[in-house]
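Below are the chains, spelled out letter by letter.
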Amino acid sequence: MNEELTDRQRELIDLYYLEQMSMTEIAQSLGISPSTVSRTLKRGRGRLKKYIKYNGRYFAEALSE
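Quantities reported herein were computed from a predicted structural model and do not represent experimental measurements.

Before we go on, may I ask you to explain the packing of aromatic side chains in this structure?
Two descriptors summarise a pair of aromatic rings, namely the distance from one centre to the other and the angle between the planes of the rings. One pass over the full model with this rule turns up one aromatic pair. Measuring from ring centre to ring centre gives 4.8 Å for Tyr16 and Tyr17, while their planes differ by 90°; the resulting arrangement is edge-to-face. Tyr16 gets classed as partly exposed once you look at its relative accessible area, which sits at 27%.

Next comes the structure, spelled out in structure tokens:
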């Protein structure tokens with residue numbers, strides 16, 4: 001399974017967490033439904049969790065340097 005984020009997931013995670021836009025604001029600006037925003041964010045977070053779980057040793061090694 002490919003654990004990398006899709007372009008859409010990356011975009012929505014950026015808007016939600018970095019730009020601090022609400023799900024409603026994201027939905028309105030992209031012309032999609034709030035439920036699509038919610039679902040895409042949930043799937044993106046799931047992929048990030050799996051990536052960190054399986055590749056976490058790389059993060060831990062980088063932090064210890």
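For this particular structure, what's the right way to read a positive patch on the surface?
A contiguous patch of positive charge, built from Arg39, Lys42, Arg43, Arg45 and Lys49, is present on the exposed surface. Positionally, Arg45 belongs in helix α3 (residues 34-64). What makes Arg45 partly exposed here is its relative accessible area of 33%.

Mind showing me how you'd approach the side chain of Gln9 here?
If you trace the backbone, Gln9 turns up in helix α1 (residues 7-18). Every residue in contact with Gln9, bar those within four places of it in the chain, is listed here: Glu4, Thr40, Arg43, Gly44 and Arg47.

Please explain the pattern of salt bridges as it appears in this structure.
When charged atoms on two side chains of opposite charge get close, those side chains can pair. Scanning all chains against the criterion turns up two salt bridges. Its salt-bridge partner being Glu11, residue Arg8 comes within 3.6 Å of it at the nearest N-O pair. Placement of the pair is Arg8 and Glu11 together in helix α1, with a separation of three residues, close to one helical turn. Accessibility expressed as a relative area gives 38% for Arg8, which makes it partly exposed.

Is there a simple way to think about unusual backbone geometry in this case?
Excluding glycine, a negative phi dihedral is what most residues carry, and trans is how most peptide bonds are arranged. Positioned with a positive phi, Gln20 is a non-glycine residue whose angle comes to about 55°. Within the secondary structure, Gln20 is located in the loop between α1 and α2 (23-30).

Would you take a moment to explain a nonpolar patch on the surface for this structure?
Taken together, the side chains of Leu48, Tyr51 and Ile52 present a nonpolar region at the surface, about 250 Å² in accessible area. Structurally, Leu48 is set in helix α3. The class for Leu48 is partly exposed, based on a relative accessible area of 34%.

What counts, and at which threshold
As a convention, each chain's residues are numbered from 1 in the sequence order in which they are written. With the structure being a predicted model, the display of local features is reserved for residues of pLDDT at least 70 and the display and counting of side-chain atom pairs for 80 or more, all residues being used for whole-chain, interface and lining totals. Hydrogen atoms and water are omitted, and side-chain values are computed over all heavy atoms in the structure. The rule is short: rings of Phe, Tyr and Trp, with Trp giving its six-membered ring, pair when the centres are within 6.5 Å, and they are stacked under 30 degrees, edge-to-face over 60, tilted in between. Partly exposed residues are those whose accessible area sits between 20% and 50% of the maximum for their type, while under 20% is buried and over 50% is exposed, using a 1.4 Å probe and protein chains only. Surface patches are defined over residues having more than 30% relative accessible area and no salt bridge, joining like charges when they lie within 9 Å and nonpolar side chains (Val, Leu, Ile, Met, Phe, Trp, Tyr) when within 5 Å. Methods summary: accessible areas were calculated by the Shrake-Rupley approach with a probe of 1.4 Å, and residue burial reflects only the protein chains presented. Each reported salt bridge corresponds to a side-chain nitrogen of Lys or Arg within 4 Å of a carboxyl oxygen of Asp or Glu. Only four residue types enter the charge count, namely Lys and Arg as positive and Asp and Glu as negative; His and the chain termini do not. For the purpose of locating charges, the reference atoms are NZ of Lys, CZ of Arg, CG of Asp and CD of Glu. Working definition: helices are DSSP H or I runs of at least four residues, strands are E runs of at least two. Numbering for both runs from the N terminus. Contacts between residues were defined by any pair of non-hydrogen atoms, one from each residue, lying within 4.5 Å.

Purely geometric stuff here, so don't read any function into it on its own.
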